[in-house]
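Below, each chain spelled out in residue letters.
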Amino acid sequence: MAKILAIESSCDETAAAVVEDRCHVLSSVIASQHDIHEKYGGIVPELASRRHLECIGPVVTEALERAGTTVQGLDAIAVTCGPGLVGPLLVGLCAAKAMAWQLGIPLIAVNHLEGHVRSPFIENPGIELPAVALVVSGGHTALYLCPEEGVYRQLARTRDDAAGEAFDKVARFLGLAYPGGPIIDRISEGANEHAIDFPRAVMKNQSLDFSFSGLKTAARIRATDMGLAHGNEAEAEGSPAVRDLVASFQRTVVETLVDTTLRACRREGVTTVLLAGGVACNRRLRRVFAEAADRNGLTVFMPQPAYTTDNAAMIGAAAFLQFERGLFAPLNVNADPNWKLGA
Ligand code: KG4
Ligand code: ZN
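Treat the numbers as computed from the prediction; the structure is a model and nothing was measured. Here the residue numbering is sequential within each chain, running from 1 through the sequence in written order. A letter from A marks each chain and a number from 1 marks each ligand, given out in the order of writing. In view of the model being predicted, local features appear only for residues whose pLDDT reaches at least 70, and side-chain atom pairs are presented and counted only at 80 or more, with totals across whole chains, interfaces and linings using the full set of residues. Calculation of side-chain values draws on the structure's entire complement of heavy atoms; hydrogens and water are dropped beforehand.

## Notes on the overall build of the protein
Rules: To qualify as a helix, a DSSP run of H or I must reach at least 4 residues; to qualify as a strand, a run of E must reach at least 2; elements of each kind are numbered from the N terminus. Atoms counted for the radius of gyration: C-alpha only. Globule rule: 2.2 Å times residue count to the power 0.38. Think of it in three bands: with a 1.4 Å probe and only protein chains considered, a residue is buried below 20% of the maximum accessible area for its type, exposed above 50%, and partly exposed in between. We call two residues in contact when some of their heavy atoms are within 4.5 Å. The accessible surface values rely on the Shrake-Rupley method and a 1.4 Å probe; as for residues, cover is taken only from the protein chains in view. None of His or the chain ends enter the tally, which takes Lys and Arg as positive and Asp and Glu as negative. All charge positions are set by atom: Lys at NZ, Arg at CZ, Asp at CG, Glu at CD.
Along the protein, the regular secondary structure elements total 11 helices and 10 strands. Radius of gyration (C-alpha) of the protein: 20 Å, near the 20 Å computed for a compact globule of 343 residues. Counting over 343 residues, the protein shows a buried share of 56%. Excluding contacts between residues fewer than 6 apart, the proportion of contacts in the protein whose partners are at least 24 apart in sequence is 74%. Just so you have it, the protein exposes about 14200 Å², and 51% of that area is on carbon and sulfur atoms. For the protein, the centre of its 31 positive side-chain charges and the centre of its 39 negative side-chain charges are spaced 6 Å apart.

## A closer look at the site of ligand 1
Just so we agree on the cut-off: If even one non-hydrogen atom of a residue comes within 4 Å of a molecule or strand, that residue is called near it. Here a polar contact means two N or O atoms within 3.5 Å. Within protein one must be a hydrogen donor candidate and the other an acceptor candidate, and residues neighboring in sequence count only if both atoms are side-chain atoms.
Inspection of the region around ligand 1 gives 18 residues, with G138, G139, D168, D185 and D310 positioned closest. In this structure, G138 approaches ligand 1 through a main-chain N or O atom, which is 2.8 Å from an oxygen atom. Backbone polar atom of G181 to an oxygen atom of ligand 1: 3.2 Å apart, as the coordinates give it. For ligand 1, whose unbound accessible area comes to 560 Å², protein coverage reaches 92%. Of all the secondary structure elements, the ones that give two or more residues to the shell around ligand 1 are α4 (112-118), α5 (163-174) and α6 (180-188). Per element, the largest residue contribution to the shell around ligand 1 is 3 residues, and it comes from α6.

## Quick notes on the sheet that holds strand β6 (residues 131-136)
Within a sheet, adjacent strands bond to each other through the backbone by hydrogen bonds, running parallel or antiparallel. Just so we agree on the cut-off: Each pair of strands is called paired provided DSSP finds at least two bridges between the two strands. Angles here are taken between N-to-C directions and fall from 0 to 180 degrees, while the axes themselves are lines fitted to C-alpha atoms, restricted in helices to the stretch in contact.
Pairing in this open sheet of 5 strands is mixed, and the strands run β8-β7-β6-β9-β10 from one edge to the other. Strands with a single pairing partner mark the edges of an open sheet, and in this sheet they are β8 (153-157) and β10 (299-301). Averaged over all pairs of adjacent strands, the angle between their axes in this sheet comes to 20 degrees, without regard to strand direction. As judged from the 6 bridges shared by β6 and strand β7 (residues 141-146), these two strands associate in the antiparallel manner. Counterpart to L134 in the pairing with β7 is L143.

## Comments concerning the nonpolar core
Applicable threshold: We define the nonpolar core as a collection of buried residues of types Ala, Val, Leu, Ile, Met, Phe, Trp, Tyr and Cys that are connected through side-chain atoms lying within 4.5 Å of one another.
Among the nonpolar cores identified, the biggest contains 54 residues, and L174, L176, L245, V246, F249, L275 and L285 are the most heavily contacted of them. Discounting chain neighbours no more than four positions away, the residues touching L245 are L174, I196, F198, A219, R222, A223, M226 and L228. Counting residues in each nonpolar core, the second largest holds 29 residues, with C55, L64, V79 and A329 among its members.

## Points about the side chain of R51
By the secondary structure assignment, R51 is in helix α2 (residues 45-67). A distance of 3.4 Å separates the side chain of R51 from the side chain of D35, its partner in a polar contact.

Here's what the structure looks like:
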């Protein structure tokens, strides 16, 4: 039974996990940095790098301890090499290289987006391909066709903001805390999601691409008109008008994501959907996806919430595809902040 230690540090989570035999997660440790970025309303790359440096050692040690293993029990070290912020990526990559070199075991370079796509397999190792994967996070919103293991074809991407970024920005100008996605999810429960009819971007030429910046601007204009912009955090959370506004915004994002994914499935003749990335934590999105899948004869797989936002267990699960094929990275492999997934 092979054991891989996986390291993830592409954004604002320092994470390490030990994964055995593809999908069996022995431990998954995540040190989040939301506290240091909150007052800036977004990630400050230099602060993120410094916090990763402080956390990487203790996080790796804890992952090994919780897995009940030592470094001698490892068969490979996997690490996210991109896409992401270059400083944060380099912290994880340097730690992984040092460990692989010192232990004399292979290094595996993992694409962060492939990690997200593989996250639903952690609890459902038997998912059969082909599938359409929707990766919807703070940095990315994209659809991929996965015809077979390890092969990805990008079907759509966002032309501007990622969905998670739009959640965070709408939250920010209403005075809600960072990251805004989970807060909007929470305060939308029970609010009137039909209070406002926001516009939805329509692409030309049957394109499946996304665009959320118009919706974000429409929400900002509405918030300003209603005197809701830049409120105080506690008041904003409790305000019925704010809750209706964010619930309506959330409904629009969810409808766009679900409708576009269904169109992609129809176009590609695929009946399996993988839902991944931080926004896949959103309860409304999960509910609407499950209902739409039922109605349309599709099967949708979504990871448990802990594996939707950035984590290293998904990086370990993705690394096994390369481990099994003996595809190892040289010790001079570099971080690639813009590494694209697939063709
Ligand atoms: O996958 P992730 O941890 O990092 C990236 O790779 O970007 O995703 C983080 C994003 C943030 O924008 C956050 O606001 C959003 O996921 N998010 C949510 C929820 N939980 C996290 N968005 C909507 N509803 C949620 N429950
Ligand atoms: Zn991510």
